[in-house]
Amino acid sequence: MSTALESYINRTVAIVTSDGRMIVGTLKGFDQTINLILDESHERVFSSTQGVEQVVLGLYIVRGDNVAVIGEIDDETDSALDLGNIRAEPLNSVVH
């Protein structure tokens, strides 16, 4: 998996953690256990009653054993989203 992550370095990625959080930021590095270093990151908190809240995290490390999904974000498409009007149920934790 680490070779696949090399193409994401210095790109905007979204990470879904095993506890259901969604963290978006610029991937700056990773190690052999998929610990991830993100810069300019924020958590997107979803709600079924109000828009998506973005909590600024800044420089952030996500432990590899907590990563469920990682993918690249298209910056142009992402910036066009009106997160204030998006309603969604929060993600549940991943069950192993």
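Residues numbered from 1 in each chain as written. Predicted model: local features only at pLDDT ≥ 70, side-chain atom pairs only at ≥ 80, totals over all residues. Heavy atoms only, no water.

The name given to the protein chain in an unreviewed UniProt entry is U6 snRNA-associated Sm-like protein LSm8, with the source organism recorded as Scleropages formosus. Here the protein chain is described in UniProt, under the heading Subcellular location (unreviewed entry), as follows: "Nucleus". (UniProt positions renumbered as here; feature names shortened; annotations may be inferred.)

A look at a nonpolar patch on the surface
Nonpolar side chains collect at one region of the surface, where Ile-37, Leu-59 and Ile-61 lie side by side and expose about 310 Å² of accessible area between them. If you trace the backbone, Ile-37 turns up in strand β3 (residues 36-45). (Patch = residues over 30% accessible without salt bridge, like charges linked within 9 Å, V, L, I, M, F, W, Y side chains within 5 Å. Areas by Shrake-Rupley, 256 points an atom, 1.4 Å probe, with all protein chains shown as cover. Salt bridge = Lys/Arg side-chain N within 4 Å of Asp/Glu carboxyl O. Helix = DSSP H or I, 4+ residues; strand = E, 2+ residues; numbered from the N terminus.)

Thoughts on the pattern of salt bridges
Applying the stated criterion across every chain, the model contains four salt bridges. Between Glu-72 and Arg-11 there is a salt bridge, and its shortest N-O distance comes to 3.4 Å. Within this pair, whereas Glu-72 is found in strand β5 (residues 67-72), its partner Arg-11 is found in the loop between α1 (2-6) and β1 (12-17), the two being separated by 61 residues in sequence. Relative accessible area serves as the criterion here: at 43%, Glu-72 is assigned to the partly exposed category. Looking at Arg-11, the relative accessible area reads 42%, which means it is partly exposed. (Buried < 20%, exposed > 50% of the residue type's maximum accessible area, 1.4 Å probe, protein only.)

Observations concerning the environment of Ile-86
Position of Ile-86 among the secondary structure elements: in the segment after α2 (75-80). For the pair Ile-86 and Ile-70, spaced 16 residues apart in the sequence, the C-alpha separation amounts to 21 Å.

As for the pairing of β1
Summarising burial for β1: five of the six residues are buried, a large majority. Here β1 folds back onto strand β2 (residues 22-30), and the loop between the two strands holds four residues, one of which, Gly-20, carries a positive phi near 90°. In this structure, β1 lies alongside β5, joined through five bridges in antiparallel fashion. By the bridge assignment for β5, Ile-15 is matched with Ile-70. (Pairing = 2+ DSSP bridges.)

Looking at the sheet that holds β2
Pairing is antiparallel across the open sheet formed by five strands, whose spatial order is β4-β3-β2-β1-β5. Looking at the sheet topology across the chains shown, the edges are occupied by β4 (53-62) and β5. Pairs of neighbouring strands in the sheet enclose a mean axial angle of 25°, with direction left out of account. With seven bridges joining them, β2 and β3 adopt antiparallel strand pairing. Of the residues in β3, the one forming a bridge with Ile-23 is Glu-43. (Axes fitted to C-alpha atoms, helices over the stretch in contact; angles between N-to-C directions.)

Here's the deal with the nonpolar core
Formed by Leu-5, Tyr-8, Val-13, Ile-15, Ile-23, Leu-27, Ile-34, Leu-36, Leu-38, Val-62, Val-67 and Ile-70, the largest nonpolar core amounts to twelve residues. Secondary structure elements with two or more residues in this core: β1, β2, β3 and β5. Apart from the residues lying within four places of it in its own chain, the contact partners of Tyr-8 are Val-13, Leu-27, Ile-70, Gly-71 and Glu-72. (Core = buried A, V, L, I, M, F, W, Y, C linked by side-chain atoms within 4.5 Å. Contact = heavy atoms within 4.5 Å.)

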